[in-house]
Amino acid sequence: MSSPDPHVSDKRSRATQDDDRPEQGDGAPGVRQPRNPDGPRRPSPVIAVTGAASGVGAALVSRLAASDEVKQVVAIDERRGDCAAAQWHVLDVRDPAIAEKLRGADVVVHLALDLDLETDPAARTAYNVRGTQTVLTAAAAAGVHRVVLCTSAMVYGALPDNDIPLSEDSELRATAEATGVGDLLEIERLGRRAPRAHPGLNVTVVRPAVLVGGTDTALTRYFESPRLLVVAGSRPTWQFCHVEDLVSALEYAALEKVEGELAVGCEGWLEQEEVEELSGIRRMELPSAVALGAAARLHRIGLTPSPAGDLAYTMHPWVVSVSGLHAAGWRPRWTNEEVLAELLQEVAGRHTVAGRRLGRRDAATAAGAAGATVALLGAAAAVRLARKRRGI
């Protein structure tokens, strides 16, 4: 699908050309040099995957199990998955016994993360951080030489002064105010510390853009709303990543074709106006103070799982270059337009207000999409009234 705005198309094309730099094949940071074809061939690796029974983990296990470049796949989760070709171990990744299960593995891809909007935040953090600590320590003890972590491009932060696109080595300026981002920042910190604590251990980090394909996040729920909330004066930009493209990027990292800190997503980005035209969903524009105040109030009283910090990622740009993977020969199979179309199919029939998904009874009470919009406006009006009463 082509962009309705030729200027936007040109801009995205220039971004793609900047990322597509074959001359960087020699000496590009984060890209391993091709092995000598006349030298001895490295044995196929044994790759372990945590969080292997569902979602991205299950897709990666199936892909690796079918690869001629992989000797064996070790799958770890709290339940057994469907891939019969993998060697399964059923346990919690926080269990120190995982070290014995990783013995003999060359690479570990750690995907056992809980980023569910409905999970208690304290329990989510305890699982994510402790799980990553245990996997990194266990991998080093078991003689694993590489761990691949998967976080999100959200760690760069969504800020009004961000470059478009951000380079992969840009400073991580996110705060812990958005759902799960504090956990992801801590996971990245653990990943940076691990090679110093365990010499010989390589840690590669993969950061997907807005992930789509059987996912449920504050950003995918944004498209379940009857109107797309736009904060006045903001300049939203959208870069998506299909789960299939994330899985292929993780395979590149697991097979040591890339290393370092890598972003993954579609080529270029979409402006908010393009998203509205492609989706057919009209915007609802609110002043910043009203939108942020309403979001904070609704979250504080427990009516929505999304904190006000999630709004920043729909307000400010956080598009990232994927030059590291590009230099290694990786290309996404999906475009932003195609991923958006799939996302809209996935969320069809769902109704969400300020991040809270409405059930059938709620939707009927709210008189469907129109009532949901009124509910959000009512919350915003309540915030405005409260501010006036306090003389703010």
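Below is a short write-up of the structure. (Residues numbered from 1 in each chain as written. Predicted model: local features only at pLDDT ≥ 70, side-chain atom pairs only at ≥ 80, totals over all residues. Heavy atoms only, no water.)

1. Focus: the pairing of strand β5 (residues 146-150)
Keep this limit in mind: We call a residue buried when its accessible area falls under 20% of the maximum for its residue type, exposed when it is over 50%, and partly exposed in between, using a 1.4 Å probe and counting protein chains only. Secondary structure elements follow DSSP: runs of H or I no shorter than four residues count as helices, runs of E no shorter than two count as strands, and numbering proceeds from the N terminus. One bridge is not enough; two strands pair if DSSP finds at least two bridges between them. Place the viewer so that the strands point away; then a crossover is right-handed whenever the path from the first strand over the helix to the second strand goes clockwise.
Of all the five residues making up β5, five are buried; the element is thus mostly covered by neighbouring parts of the structure. Bridge analysis of strand β4 (residues 107-110) against β5 gives four bridges, and the strand direction is parallel. Its bridge partner lying in β5, H110 is registered against L149. As a crossover connection, the stretch from β4 through helix α4 (residues 121-141) into β5 is right-handed. As paired elements, β5 and strand β6 (residues 202-208) share five bridges and run parallel to each other. Considered in β6, the bridge of V147 is made with V203.

2. Notes on helix α9 (residues 288-300)
Residue pairs three or four apart in sequence face the same way in an α-helix, which turns once every 3.6 residues. Basically, it comes down to this: Here the expected length of a helix is defined as 1.5 Å per residue gap, with one fewer gap than residues. Throughout, the arc means the angular range of directions from the helix axis out to the C-beta atoms.
With 13 residues, α9 should cover 18 Å at 1.5 Å per step; its first-to-last C-alpha distance of 18 Å lies within 8% of that length. Among the residues making up α9, those that are buried are V290, A291, A294, A295 and L298. One side of α9 carries all its buried residues, which in axial view fall inside an arc of 125°. Two residues or fewer after α9 comes G302, characterised by a positive phi angle close to 85°.

3. A short note on the pattern of salt bridges
This is how the line gets drawn: Counted as salt bridges are all cases of a side-chain nitrogen of Lys or Arg within 4 Å of a carboxyl oxygen of Asp or Glu.
Taken as a whole and judged by the stated rule, the model has 14 salt bridges. The salt bridge involving E69 is made with K257; its shortest N-O contact spans 3.5 Å. Residue E69 is found in the loop between α2 (55-65) and β2 (72-77), and its partner K257 is found in the loop between α7 (243-254) and β11 (261-264); the two are separated by 188 residues along the sequence. Here E69 falls in the partly exposed class, since its relative accessible area comes to 35%. Here E186 and R189 are joined by a salt bridge, their closest N and O atoms 2.4 Å apart.

4. A look at the state of the cysteines
Convention followed: Pairs of cysteine sulfur atoms within 2.5 Å are identified as disulfides in what follows.
Counted according to the given criterion, the structure contains zero disulfides. No disulfide involves C241; its sulfur sits 6.6 Å from that of C266, the nearest cysteine. For C241, a relative accessible area of 0% corresponds to the buried category.

5. Looking at the packing of aromatic side chains
Worth spelling out the cut-off: Only rings of Phe, Tyr and Trp enter the pairing, Trp through its six-membered ring, and a pair is recorded when the two centres are within 6.5 Å. The plane angle decides the type: under 30 degrees is stacked, over 60 is edge-to-face, the rest tilted.
The tally for this structure, following the rule as stated, stands at six aromatic pairs. Ring geometry for F223 against F240: centres 6.2 Å apart, planes inclined by 55°, an arrangement best described as tilted. Here the residue F223 occupies a position in the loop between α6 (218-221) and β8 (228-231), and F240 occupies one in strand β10 (residues 240-242), the gap between them amounting to 17 residues. Taking relative accessible area as the criterion, F223 reaches 3% and is therefore assigned buried. With relative accessibility at 0%, the residue F240 sits in the buried group. Ring geometry for W238 versus F240: centroids 6.0 Å apart, planes at 15°, classification stacked.

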